[in-house]
Amino acid sequence: MEKKNIDWTNLGFGYIATDKRFVSNFKDGAWDEGVLTEDSNVTINECAGVLQYAQTVFEGLKAYTTEDGHIVTFRPDLNGERMEQSAKRLEMPVFPRERFVEAVLQVVKANAAYVPPYGTGATLYIRPYMFGSNPVIGVKPADEYQFRIFTTPVGPYFKGGVKPLTIRVSDFDRAAPHGTGHIKAGLNYAMSLHAIVDAHQQGFDENMYLDAATRTYVEETGGANFLFVTKDNKVVTPKSSSILPSITRRSLVYVAKEYLGLEVEEREIALEEVKDFAECGLCGTAAVISPVGKIVDHGKEICLPGGMEKMGPITQKLYDTLTGIQMGRLEAPKGWIYVVE
Ligand SMILES: *Cc1c(COP(=O)(O)O)cnc(C)c1O
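Calculation criteria
Residues numbered from 1 in each chain as written. Predicted model: local features only at pLDDT ≥ 70, side-chain atom pairs only at ≥ 80, totals over all residues. Heavy atoms only, no water. Helix = DSSP H or I, 4+ residues; strand = E, 2+ residues; numbered from the N terminus. Rg over C-alpha atoms; globule rule 2.2 N^0.38 Å. Buried < 20%, exposed > 50% of the residue type's maximum accessible area, 1.4 Å probe, protein only. Areas by Shrake-Rupley, 256 points an atom, 1.4 Å probe, with all protein chains shown as cover. Pairing = 2+ DSSP bridges. Domains from an automatic or database assignment. Contact = heavy atoms within 4.5 Å. Buried area = accessible area lost by both parts, 1.4 Å probe. Salt bridge = Lys/Arg side-chain N within 4 Å of Asp/Glu carboxyl O. Polar contact = N/O pair within 3.5 Å; in protein donor to acceptor, adjacent residues only side chain to side chain. Nonpolar A, V, L, I, M, F, W, Y, C, P; charged D, E, K, R; others polar. Phe/Tyr/Trp six-rings, centres within 6.5 Å; stacked < 30°, edge-to-face > 60°. 1 Å grid on protein atoms, 1.4 Å probe; cavity = no way out; pocket = protein on both sides within 12 Å on 5 of 7 lines; lining within 4 Å. Points joined across faces, edges and corners; volume = space filled by probe spheres on them. Core = buried A, V, L, I, M, F, W, Y, C linked by side-chain atoms within 4.5 Å.

Undergrad: Report on the overall build of the chain, specifying residues and quantitative values.
TA: For the chain, the helix and strand inventory stands at 7 helices and 17 strands. Relative to the compact-globule value of 20 Å for 341 residues, the chain shows a C-alpha radius of gyration of 20 Å, a close match. In the chain, which comprises 341 residues, the share counted as buried stands at 53%. Total accessible area on the chain is roughly 15,500 Å²; 50% of this is exposed by carbon and sulfur atoms.

Shown next, in the form of structure tokens:
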């Protein structure tokens with residue numbers, strides 16, 4: 001298959017339309033079969049539920065070219081399962097996870113010419129999403145929905161090398177207890193925009209959100225989970241019902257235990273104890289792990305000694321092992337890799 005003429009190594013993280021996208025509509029209580037289409041525009045009524053009351057959820061995952069030239073995706077079943085949970089929480093119909101996986105594989109295959117070659121560091125980002133599409137003016141769930149998946153090639157996350165991030169403890173909250181922090185919904189991002197613009201204006205890369213009820217415990221950033229490493233090489237990650245269950249974080253926890261033989265703790269982490277950690281990273285599909293070098297808590301600087309200049313040694317091992325699995329250089333646990341072609 002002929003690849004598109006794209007400068008893969010200089011791609012950023014932006015939208016580039018590819019040839020095909022998947023669309024399925026929910027009407028009269030059922031999803032239709034779904035089709036691949038070349039039309040990248042969505043046409044909906046001015047009063048559509050998504051436009052008035054933000055009834056929309058999404059997912060994000062990637063397709064890669066492995067060392068031996070196959071196109072694969074990483075644990076799409078978990079994205080499908082998570083999207084089911086997200087939809088339920090917003091009173092939307094579930095797009096079944098088996099159909100979700102099928103559609104992901106179908107749309108990646110149809111855009112195989114856009115999957116970056118092995119070794120470029122670039123990947124094909126896959127964006128499944130769903131929204132209320134019929135007119136809704138009284139506040140209630142929509143009756144009709146559209147589920148779509150588009151793909152877009154994205155560049156290597158660490159272009160020009162890894163630079164550890166400087167983040168701040170935010171005065172804004174991301175998620176309320178018993179709220180929607182644990183689902184992947186656009187509404188969580190809309191309300192984080194002010195906090196991130198403000199953080200950037202103040203010279204920080206990201207916000208560290210604390211638990212909204214007590215502002216004592218570490219939760220996550222706007223779009224990634226935390227992973228810490230103690231001075232005696234234990235991996236520690238926050239446990240809370242209001243953080244988004246990152247598939248990358250869950251995979252790294254498995255890798256830490258089963259591939260690297262490290263001890264892992266998933267528990268509440270007080271902001272107070274962060275100063276004692278050796279390394280800190282942000283986990284998500286986009287970067288796998290971005291190292292954090294410094295956390296600023298209202299003028300008080302917490303420096304992570306293991307990762308001020310580059311990735312800390314344990315973070316690096318976790319990163320190398322998981323990306324090795326994804327790129328087919330290391331044997332993957334059963335069921336993690338779905339081969340597209
Ligand atoms: C998507 C997302 C993550 C990362 O999840 P992955 O499944 O690892 O990509 C973390 N936090 C939030 C708030 C997210 O929306």
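Undergrad: Describe the pairing of strand β11 (residues 225-229), with residues and values.
TA: Of all 5 residues in β11, 5 are buried; the element is thus mostly enclosed. Side chains Asn225, Leu227 and Val229 of β11 all project onto a buried face; the interleaved residues Phe226 and Phe228 project onto the opposite face, where all are buried too. Examined bridge by bridge, β11 and strand β12 (residues 235-238) share 2 bridges and lie antiparallel to one another. Following the sheet pairing, Val229 is matched in β12 by Val235. Turn length for the β11-β12 hairpin, with the two strands adjacent in sequence and antiparallel, is 5 residues, and the turn residue Asn233 shows positive phi of about 65°.

Undergrad: Which residues make up the environment of Ala199, and what values do they have?
TA: Looking at the secondary structure, you find Ala199 in helix α5 (residues 193-201). Sequence separation of Ala199 and Met308 is 109 residues, and the distance between their C-alpha atoms is 20 Å.

Undergrad: Break down the domain arrangement of the chain for me, with residues and values.
TA: Split by domain assignment, the chain resolves into domain 1 (8-154) and domain 2 (165-325). Distance between the C-alpha centres of domain 1 and domain 2: 26 Å. Each partner contributes to the interface: domain 1 provides 17 residues, whereas domain 2 provides 19 residues. Note on domain 1 versus domain 2: buried area summed over both sides is about 1,500 Å², and carbon and sulfur give 66% of it. Our count for the domain 1 to domain 2 interface comes out at 0 salt bridges. Applying the counting criterion to the domain 1 and domain 2 interface returns 7 residue pairs in polar contact (both at pLDDT 80 or more). The greatest single-element share of the side of domain 1 that touches domain 2, amounting to 6 residues, is contributed by helix α2 (residues 76-89). In terms of residue class, the side of domain 1 that touches domain 2 is made up of 7 nonpolar, 5 polar and 5 charged.

Undergrad: Mind laying out the packing of aromatic side chains, listing which residues take part and the relevant values?
TA: Going through the model one piece at a time under the given rule, you end up with 19 aromatic pairs. Taken together, a centroid distance of 5.6 Å and an interplanar angle of 90° make the contact between Phe74 and Trp336 edge-to-face. Note that Phe74 is positioned in strand β6 (residues 71-74) and Trp336 in the loop between α7 (313-326) and β17 (337-339), a separation of 262 residues in sequence. A single burial state applies to Phe74 and to Trp336, both of which are buried. When the ring of Tyr129 is compared with that of Phe150, the centres are 5.9 Å apart and the planes differ by 75°; the resulting orientation is edge-to-face. Remark: Phe150 occurs in strand β8 (residues 145-154) and Tyr129 occurs in strand β7 (residues 123-132); sequence separation between them is 21 residues. Among the aromatic residues, those joined into a ring-pair cluster are Phe22, Phe26, Trp31, Phe95, Phe100, Tyr145 and Phe147.

Undergrad: Account for the side chain of Arg82, naming residues and giving values.
TA: Note that Arg82 resides in helix α2. A relative accessible area of 8% means that Arg82 is categorised as buried. For Arg82, the side chain forms a polar contact with the side chain of Glu59, separated by 2.7 Å.

Undergrad: Describe in detail empty space enclosed by the protein, supporting the description with residues and values.
TA: In total, this model carries 1 cavity of 30 Å³ or more according to the counting rule given. There is about 90 Å³ of room inside the largest cavity. Gly60, Leu61, Lys62, Tyr64, Phe74, Asn79, Ile247, Thr248, Thr285, Val288 and Gln326 together form the lining of the largest cavity. Looking at the lining of the largest cavity, the elements that each hand over two or more residues are β5 (61-65) and α6 (247-258). Of the residues contributing to the lining of the largest cavity, the split by class is 5 nonpolar, 5 polar and 1 charged. Mapping the lining of the largest cavity onto the domain boundaries places at least three of its residues in each of domain 1 (8-154) and domain 2 (165-325).

Undergrad: Got a sec to walk through the nonpolar core? Specific residues and values, please.
TA: Within the largest apolar cluster, 37 residues are counted, with the highest numbers of intra-cluster contacts made by Val108, Met130, Phe147 and Ile149. Among the secondary structure elements, those contributing two or more residues to this core are β1 (21-27), β5, α2, α3 (97-110), β7 and β8. In terms of residues, this core owes the most to one element, α3, which gives 7 residues. If we ignore the near neighbours within four places in the chain, the residues touching Val108 are Ala63, Ile71, Thr73, Val115, Leu124, Ile126 and Val340. Counting 21 residues, the second-largest nonpolar core is a separate cluster that includes Tyr64, Phe74, Val288 and Trp336.

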